[in-house]
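Read off the chains here:
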Amino acid sequence: MDYKQMEQSLKALSDETRMLILKYLSKEALCICEFTELLDMSQPAISQHMRKLKQAGWICEEKRGRWTIWSLNERHGLFGVLTTLLAILPEPERTVETLIAEGKKVDCN
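About the cut-offs
Residues numbered from 1 in each chain as written. Predicted model: local features only at pLDDT ≥ 70, side-chain atom pairs only at ≥ 80, totals over all residues. Heavy atoms only, no water. Pairing = 2+ DSSP bridges. Helix = DSSP H or I, 4+ residues; strand = E, 2+ residues; numbered from the N terminus. Buried < 20%, exposed > 50% of the residue type's maximum accessible area, 1.4 Å probe, protein only. Disulfide = S-S within 2.5 Å.

A separate point is the sheet that holds strand β1 (residues 30-31). Here three strands make up an open sheet; going across it, the order is β1-β3-β2 and the pairing antiparallel. In this open sheet, the two strands that pair with only one neighbour each are β1 and β2 (59-64). Where β1 meets strand β3 (residues 67-72), two bridges bridge the pair, whose relative direction is antiparallel. Along β3, the bridge assignment pairs Leu30 with Trp70.

In structure tokens:
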């Protein structure tokens, strides 16, 4: 990792929404439709955050039919640092379990 890559990685973390996305992904892989419910944001807005996280190498995508499932990139050079930082953050108020209880969980399979 060079200085520019380090800068890009750290800049991607400097946003509350992106940190929350990473916190969710530290628990399980999710699709955009789940993030729209969890974060109460539009799909295009979440996609912009995902683009920045992907460019920085923090997340990976896997195509499953017409769905894209996102997960943390365990091969990132700072993955250990990221998991340590995410462990310090409080748990999000809304969870996938909350979505299920509210009947808002989308089946992305």
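Read on for the rest.
Further remarks concern the pairing of β2. With six bridges connecting them, β2 and β3 associate as antiparallel partners. When the bridges of β3 are listed, Cys60 appears paired with Ser71.

Turning to unusual backbone geometry, a few remarks are in order. For Asp40, which is not glycine, the phi torsion reads 50° and is therefore positive. In this structure, Asp40 sits in the loop between α3 (32-39) and α4 (43-55). Here Asp40 falls in the exposed class, since its relative accessible area comes to 68%.

It is worth spelling out the state of the cysteines at this point. Summed over all chains, the structure comprises one disulfide. Between Cys31 and Cys33 runs a disulfide, and the two sulfur atoms are separated by 2.5 Å. Where Cys31 bonds to Cys33 through sulfur, the torsion about that S-S bond is close to -50°, and the disulfide is left-handed. As far as burial versus exposure is concerned, Cys31 and Cys33 are alike and both buried. For Cys60, which is in no disulfide, the shortest distance to another cysteine sulfur is to Cys31 and amounts to 16 Å.

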